[in-house]
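Breakdown of the fold
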Amino acid sequence: MTSPVWHPFTQHGLNEPIPHVVRAQGATLHLADGSTLIDAISSWWVTTHGHCHPRIAAAIAQQASQLDQLIFAAYTHEPAEEVARGLIAMAPRADGQPALAHVFYSDSGSTAVEVALKMALGYWHNLALDGLAEARSRILVLDHSYHGDTIGTMSIGERGVYNAAWQPLLFDVGTIPFPAPGHEQACLAALAAACAEKPAAFIVEPLLLGAGGMLLYSPDILREMAAICRRHDVLFIADEVMTGWGRTGTLFACEQAGVVPDIMAVAKGITGGAIPLAATLATAPIFDAHLSTDRARLFYHSSSYTANAIACAAAAANLAIWREEDVLGRIATLADGIATRLGILAAHPAFANPRQLGTIAAIDLVAADAGYLSDLAPRLRAFFLERGLLLRPLGNTIYLMPPYCLDADQLDRLFAALAEAGDSFGMQP
């Protein structure tokens, strides 16, 4: 029987197999046919501590029997209050003190970034209304960025086949060249010149561009980009949707540069990957620019499920895990294991450009058909699926982003399969 489900990022006309997963535990997915898969990409970068973590699952069950959903416009509940306090305490700090002072909830990474953009534009709009600044509306972005699939986030992301159909809906942005090795100063000079034109904000994926190809840049460059924005009074937005929750080796990537953004978007791992939730954190000046006795100047954004109580309970359990358990220790152990194996794989002649940041690793397969829409990526997906692995290469870039519970035997299986893929698909010298 043909399924009526329309899957994301799936070309149903190719009739590729769609595995039916019935349960999950840790880093393992159990399929309806009795087979298993190692979830090597955390089910699209969301699962941190492992699937069906008992503390998070128990919090969801308990909350579901107490309060499931509540309108969040002018109402509140304790799970949302608890998570907001926890996020502010854990977020990047200025001189040891909390700097991000307010939390706005949404339900996905894309919407968290949409909220960030609306906050930034609303900030300048309201300052202009009060005669405190000129109105600003231009957004600056890094080349090769990806921030989501809603209209605003597509507008600030890389343009290409994946958003060509919606070009009439997208707004214009200023694009800053990516600080690739040897081109860092060109990036910084371009940013300084663009900031001199008084844009509203500059948004980055800190330290690592994900969907753009797992591209890395240094904390020093991130620090300097933030400093340039400060000098020109341009809001600095950190999209920590993917880089947050330990993926880069620290709780948030901005910590490695000592950067405190004006606005920070978080999602994915906020609930440990168990249930959708997102948050956008802002400094007091951003909030205060919207604070008024005039109801026409309130922040106009919401969704029906804003701060869903069950999702917030899951997030509260996740934050407790971070406070009470040695999560960073597990991350360091996993990162070390990845580094050792990646170093060995790097000697394989079919691979190039090995790179790693925390528990995220990527390597490029040297192949003739290396483009994003080539047949290589789907052939690699099928190859890994046959070997019990969930991997989704980006063109010829094969990356790992596993949950932190992945063990040494599972890592060995992953890297053995990567080496085999090099033998089977790579261009040999």
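Please read all numbers here as calculations on a predicted model, not as lab measurements. (Residues numbered from 1 in each chain as written. Predicted model: local features only at pLDDT ≥ 70, side-chain atom pairs only at ≥ 80, totals over all residues. Heavy atoms only, no water.)

Comments concerning the sheet that holds strand S16 (residues 360-365)
For clarity, the cut-off: Strands were regarded as paired on the criterion that DSSP finds at least two bridges between them. In DSSP terms, a helix is any run of H or I states spanning at least four residues, a strand is any run of E spanning at least two, and both are numbered starting from the N terminus. Note on definitions: angles span 0 to 180 degrees between N-to-C directions of axes, and those axes are lines fitted to C-alpha atoms, for helices only across the stretch in contact. Contacts: residue pairs with any heavy atoms within 4.5 Å of one another.
The sheet built from 3 strands is open, its strands ordered S15-S16-S18 with antiparallel pairing. A strand with exactly one partner marks an edge of an open sheet, and here the two such strands are strand S15 (351-357) and strand S18 (397-400). Adjacent strand axes in the sheet meet at a mean angle of 15° when their direction is disregarded. In the sheet, S15 pairs with S16 via 5 bridges, with the strands oriented antiparallel. When the sheet's bridge partners are listed, Gln356 is paired in S16 with Ala361. Across the face of the sheet, helix H10 (residues 327-345) comes into contact with S15 and S16 while running at roughly 170° to S15.

Quick word on the sheet that holds strand S3 (residues 36-39)
Here 4 strands make up an open sheet; going across it, the order is S1-S2-S3-S17 and the pairing mixed. In this open sheet, the two strands that pair with only one neighbour each are strand S1 (21-25) and strand S17 (389-390). Sheet analysis places strand S2 (residues 28-31) next to S3, joined by 3 bridges and oriented antiparallel. In the sheet register, Thr28 faces S3, and the bridge partner there is Ile38.

Quick look at the pairing of S3
For a regular strand, side-chain orientation follows a simple rule: the groups alternate between the two sheet faces. Count of turn residues in the S2/S3 antiparallel hairpin: 4 residues, of which Gly34 carries a positive phi of about 95°. With 2 bridges connecting them, S3 and S17 associate as parallel partners. For Asp39, the partnering residue across the bridge sits in S17 and is Leu390.

As for the UniProt feature "modified residue: N6-(pyridoxal phosphate)lysine" (unreviewed entry) in the protein chain
Filter applied, for reference: UniProt positions are given in the numbering used here, feature names are shortened, and annotations may be inferred rather than shown by experiment. Each residue's exposure class comes from its accessible area (1.4 Å probe, protein chains only) as a fraction of the maximum for that residue type: buried when under 20%, exposed when over 50%, partly exposed otherwise. Identification of polar contacts relies on pairs of N or O atoms within 3.5 Å, with a donor-acceptor requirement for protein atoms, meaning one able to donate a hydrogen and the other able to accept it, and with residues adjacent in sequence counted only if both atoms are side-chain atoms.
On the UniProt side, "modified residue: N6-(pyridoxal phosphate)lysine" (unreviewed entry) is annotated at positions that read Lys268 here. Its location among the elements puts Lys268 in the loop between strand S13 (263-266) and strand S14 (278-283). Its relative accessible area of 25% is what places Lys268 among the partly exposed residues. Leaving out residues up to four positions away in the same chain, Lys268 has contacts with Trp44, Trp45, Val46, Val241, Met242, Gly273 and Leu277. Of note is the side chain of Lys268, whose polar atom sits 3.4 Å from the backbone oxygen of Trp44.

Examining the domain arrangement of the protein chain
Quoted interface sizes are often the accessible area lost when the parts come together. Put simply, the rule reads: Domain start and stop points were drawn from an automatic or database domain assignment. In this description, buried area is defined as the sum, over both parts, of the accessible area (probe of 1.4 Å) that is lost when the two are combined.
Each domain of the protein chain was delimited in the assignment, giving domain 1 (20-52 + 326-425) and domain 2 (61-324). With 28 residues of domain 1 in contact, the opposing surface of domain 2 contributes 26 residues. Surface buried jointly by domain 1 and domain 2 totals about 2100 Å² across both partners, of which 67% is contributed by carbon and sulfur atoms. At the surface where domain 1 touches domain 2, the tally comes to 13 residue pairs in polar contact (both at pLDDT 80 or more). Those elements that place two or more of their residues in the side of domain 1 that touches domain 2 are helix H1 (42-45), H10, S15, S16 and S18. Ranked by the residues each element gives to the side of domain 1 that touches domain 2, the list is headed by H10, at 4 residues.

Comments concerning the pattern of salt bridges
Test applied: Between Lys or Arg on one side and Asp or Glu on the other, a salt bridge is scored when a side-chain nitrogen of the former is within 4 Å of a carboxyl oxygen of the latter.
Per the counting criterion, the structure on display carries 15 salt bridges. Between Asp220 and Arg223 there is a salt bridge, with its nearest N and O atoms 2.7 Å apart. One end of the pair is Asp220 and the other is Arg223, both in helix H7 (residues 219-231) and 3 residues apart, which spans about a single turn. Classification of Arg223 as partly exposed rests on a relative accessible area of 37%. For Glu420, the salt bridge goes to Arg387, with nearest N and O atoms at 3.0 Å. Remark: Arg387 occurs in the loop between helix H11 (376-386) and S17 and Glu420 occurs in helix H12 (residues 408-425); sequence separation between them is 33 residues.

Describing unusual backbone geometry
At Met214, a position not held by glycine, the phi torsion is positive, near 55°. Here Met214 shows up in the loop between strand S10 (208-209) and strand S11 (215-216). Even without being a glycine, Trp245 presents a positive backbone phi close to 65°. Secondary-structure assignment places Trp245 in the loop between strand S12 (235-239) and S13.

What to know about the side chain of Asp364
By the element assignment, Asp364 lies in strand S16. Classification of Asp364 by relative accessible area gives buried; the value is 15%. Among the polar contacts listed, one links the side chain of Asp364 to the side chain of Asn353, at a separation of 3.3 Å. For Asp364, the residues in contact, after removing those within four places along its chain, are Ala350, Phe351, Ala352, Asn353, Arg355, Asn396 and Thr397.

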